[in-house]
Amino acid sequence: MKKFIEPIIHIFLWTIGYFLILNYTSTIGDFKKDQGPYWVAIGFGTIINQIIFYGTAFYLVPKFLRLKKIKSLVISVLGGFIFINFLESSIDFNYLASFFSSENESYTVVLTYNAIISFFILLVALSYSLIKYWIQNEKLKRVLLEEKLSTEMAFLKSKINPHFLFNILNSFYAKSLKHNVPELADGIAKLAELMRYMVYETNSDKVSLEKEIHHLKNFIQVYQLRIAEEDHVFINFIVKGNVNAVKISPMLLIPFVENAIKHGIDPKAKSLIDISLKVTQSKLNFKVSNTIRQGAYGLADESSGFGLDNLKKRLSILYPNAYTLETKEEKGYFISLLNLQID
């Protein structure tokens, strides 16, 4: 029900405004109530003002402010304002006035009059969208703070000191090298890196995409230690584009890989997981496809991290209107595709 409140309020206010102007004014610029269908001129002006309001408040401001592109926002708002005013004034002067009014004001007067009204609507739209953006930001901060506190509390309840675990892993690493088991030593080192990343790096709002990719590769390598040589399990990971300058929210990509391993590995048949990450301009494309197997050999009895459902909620909070997430089954493969607009 809550999602309908805002549209209902908007419809109510525009309707009230339209009928107040229609019933309590006798002239709008060139247009007189006693000369032609006055309601058509009012209706056309209302539609133009709605375009200005909703185009600014629901498209331009959310799009550019989220990416902190203030210059692009200012240019877009001014450009749209100028274009809409010239378009409205041209239609008023050349078409509507000749049919619905006997007045003969100049194009400059019509343009000036429309610009004054449009500027007022623009200010209302900017105020509305900025206040709404601030409220959403505060809600987001509160949600993330609650999640962080919940995570920290859960970690404290576990009563396990991460430094203690790292020291134990370092001891295992040293012993495996001492006994000449380099593969085990490498696995322990990768596991320590995984834990260090999850404990320390994820405290930041954004991390380097390069670090996130390194974390994914460590995760895959640690898992591959569990696979016997005779098992036909193949995991491919391809990275394209410049990932050095890109930052994303931490632990955003790992659920896809966990899900693929959990549902795509079967020791009794050939299992294939293809992972591809591509960065182009301001977009990130992440695709994971895996064979569909009923027998879950991978992470069946283990937690799957955030999980895809929780990931959708997290994406909607961190990247509102800036992502698409698609999952589908195709020719024996389960495919997950994330398209993300990045700063």
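It should be noted that the structure appears before, not after, this text.
Report follows, based on the coordinates.

## Quick notes on the pairing of strand 7 (residues 283–291)
By the bridge criterion, eight bridges tie strand 6 (residues 271–280) to strand 7 in an arrangement that is antiparallel. Its bridge partner lying in strand 7, Ser-276 is registered against Lys-287. Counting the residues between successive antiparallel strands, the hairpin from strand 6 to strand 7 contains two residues, one of them, Gln-281, with a positive phi of roughly 50 degrees. Here nine bridges tie strand 7 to strand 9 (residues 333–341), and the two strands are oriented antiparallel to one another. Opposite Phe-286, over in strand 9, you have Leu-338 as the bridge partner.

## Details of helix 7 (residues 209–224)
Taking 1.5 Å per residue as the helical rise, helix 7 with its 16 residues ought to reach 22 Å, and the 23 Å between its terminal C-alpha atoms agrees with that figure. Listed in full, the buried residues belonging to helix 7 are Leu-209, Glu-212, Ile-213, His-215, Leu-216, Asn-218, Phe-219, Ile-220, Val-222 and Tyr-223.

## So, the pattern of salt bridges
For side chains bearing opposite charge, pairing can occur when the charged atoms are close. For the structure on display, the rule yields two salt bridges. Residues Lys-132 and Glu-6 are paired through a salt bridge, measuring 3.1 Å at the closest nitrogen-oxygen approach. Placement of Lys-132 in helix 4 (residues 107–158) and of Glu-6 in helix 1 (residues 2–24) is noted, with a sequence separation of 126 residues between them. Given the relative accessible area of 25%, Lys-132 is considered partly exposed. You can call Glu-6 partly exposed: its relative accessible area is 28%.

## Comments concerning the pairing of strand 6
In regular strands, side chains alternate between the two faces of the sheet. With eight bridges joining them, strand 4 (residues 233–240) and strand 6 adopt parallel strand pairing. Residue Val-239 lies in a different strand from strand 6, and its bridge partner there is Leu-277.

## Topic: the packing of helix 6 (residues 182–200) against helix 7
Interaxial distance between helix 6 and helix 7 falls to 9 Å at its minimum, and their mutual angle equals 140 degrees. When the axes of helix 6 and helix 7 are compared, the pair comes out oblique. Crossing of helix 6 over helix 7 shows left-handed handedness. From helix 6, Gly-187, Lys-190, Leu-191, Glu-193, Leu-194, Tyr-197 and Met-198 reach across to helix 7, where they touch Lys-211, Glu-212, His-214, His-215, Asn-218, Phe-219, Gln-221 and Val-222. Grouping the amino acids of the contact of helix 6 with helix 7 by side-chain chemistry returns six nonpolar, five polar and four charged.

Each value, and the rule that gives it
Residue indices follow the written sequence of each chain, beginning from 1 at its first position. Where local features are concerned, this predicted model is filtered to residues with pLDDT of at least 70; where side-chain atom pairs are given and counted, the filter is 80 or more; whole-chain, interface and lining totals use all residues. Neither water nor hydrogens contribute to the side-chain values; these are computed over all heavy atoms in the structure. Strand pairing requires that DSSP identify at least two bridges connecting the strands. Elements are defined by DSSP. Helices are runs of H or I of four residues or more, strands are runs of E of two residues or more, and each kind is numbered from the N terminus. Expected span of a helix, by definition, is 1.5 Å for each gap between consecutive residues, and there is one gap fewer than residues. The rule is simple: take the accessible area with a 1.4 Å probe, protein chains only, and divide by the maximum for that residue type; under 20% is buried, over 50% is exposed, in between is partly exposed. When a carboxyl oxygen of Asp or Glu lies within 4 Å of a side-chain nitrogen of Lys or Arg, that pair is called a salt bridge. Lines fitted to C-alpha atoms define the axes here, with helix axes fitted over just the stretch in contact, and angles between the N-to-C directions of these axes take values from 0 to 180 degrees. Roughly parallel here means an angle under 35 degrees, roughly antiparallel means over 145, roughly perpendicular means 65 to 115, and every remaining angle is called oblique. Should the near helix be turned anticlockwise from the far one by less than a right angle, the crossing is left-handed, and should it be turned clockwise, the crossing is right-handed. In this description, contact between two residues means that some pair of their heavy atoms is separated by no more than 4.5 Å. Under the convention adopted here, Pro, Cys and the residues Ala, Val, Leu, Ile, Met, Phe, Trp and Tyr are nonpolar, Asp, Glu, Lys and Arg are charged, and Gly plus all remaining residues are polar.

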